[in-house]
Amino acid sequence: MKALPILVNDVRMPHIAGHQMIENIRDQERIADLPVVILTSGVLINDAARIQNLKVISDLMKPCKQQDLLSAVLNAHGTQMLIKQSSR
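Counting of residues starts from 1 at the beginning of each chain's written sequence and follows it residue by residue. Local features in a predicted model are, by the rule used here, given only for residues with pLDDT of at least 70; side-chain atom pairs are given and counted only at 80 or more, and totals for whole chains, interfaces and linings are based on all residues. Side-chain metrics in this entry use all non-hydrogen atoms of the structure; hydrogen atoms and water are not considered.

1. Details of helix α1 (residues 18-26)
The classification of residues rests on relative accessible area computed with a 1.4 Å probe and restricted to protein chains. Under 20% of the type maximum is buried, over 50% is exposed, and intermediate values are partly exposed. Strands here mean DSSP runs of E at least two residues long; helices mean DSSP runs of H or I at least four residues long; both are numbered from the N terminus. Considered for burial, the residues of α1 that qualify are Gly-18, His-19, Ile-22, Ile-25 and Arg-26. For α1, the buried positions fall inside an angular range of 115° around the axis, keeping them on one side. This arc describes the spread of directions from the helix axis toward the C-beta atoms.

Structure representation (structure tokens):
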């Protein structure tokens, strides 16, 4: 089985906000296009706009069903493949 280059990230983490972590990733050229799926227990209105600007592929409310998470990851992988093909 091949690893998929996708970040599954929680918006609310103890030491760094999830959106801050994604912003840090977007600032690093080598991994700036990494597809991101976020998990959240609830998004504040300010967070929603910020997350949308971070090019998040999918967002899921916790707790989420395993099938929903798998679908989001596969969707993120498929989106990444389409982007790579269109940039050739």
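2. Some points on the pairing of strand β2 (residues 36-40)
Within β2, five of the five residues are buried, leaving the element largely enclosed by the surrounding structure. The alternating pattern of β2 places Val-36, Ile-38 and Thr-40 and Val-37 and Leu-39 on opposite faces, both of which are buried. Should DSSP find at least two bridges between two strands, the strands are taken to pair. Bridging between strand β1 (residues 7-10) and β2 involves four bridges; their strand directions are parallel. By the bridge assignment, Leu-7 is partnered in β2 with Val-36. We call a crossover right-handed when, viewed with both strands directed away from the observer, the connection leading from the first strand over the helix to the second proceeds clockwise. Each parallel crossover has a hand, and for β1 linked through α1 to β2 it is right-handed. Here β2 runs beside strand β3 (residues 58-61); their pairing, made up of four bridges, is parallel. What sits directly across from Thr-40, in β3, is Met-61.

3. Digging into the pattern of salt bridges
Salt bridges are defined by distance alone: a side-chain nitrogen of Lys or Arg within 4 Å of a carboxyl oxygen of Asp or Glu. Under the criterion given, the structure shown has one salt bridge. Taking the shortest distance from any N to any O, the salt bridge between Asp-10 and Lys-62 comes out at 2.6 Å. Of the two residues, Asp-10 sits in strand β1 while Lys-62 sits in the loop between β3 and α3 (66-86), which places them 52 residues apart along the sequence. The class for Lys-62 is partly exposed, based on a relative accessible area of 34%.

4. A few points about the sheet that holds β1
Ordered by their spatial adjacency, three strands build an open sheet running β1-β2-β3, and the pairing between neighbours is parallel. Edge positions in the open sheet fall to β1 and β3, since each of these has one partner strand only. When the angles between neighbouring strand axes are averaged without regard to direction, this sheet yields 20°. Here, two residues are considered to be in contact whenever any of their heavy atoms come within 4.5 Å of each other. Convention adopted: a line fitted to C-alpha atoms gives each axis, helices being fitted over their contacting stretch, and angles between N-to-C directions are expressed from 0 to 180 degrees. Helix-sheet contacts for α1 involve β1 and β2, and the interaxial angle to β1 is about 145°.

5. Quick notes on the side chain of Thr-40
Looking at the element boundaries, Thr-40 is found in strand β2. Owing to a relative accessible area of 1%, Thr-40 belongs among the buried residues under this scheme. Filtering out sequence-adjacent residues up to four positions away, Thr-40 remains in contact with Asp-10, Val-11, Arg-12, Leu-60, Met-61 and Lys-62.

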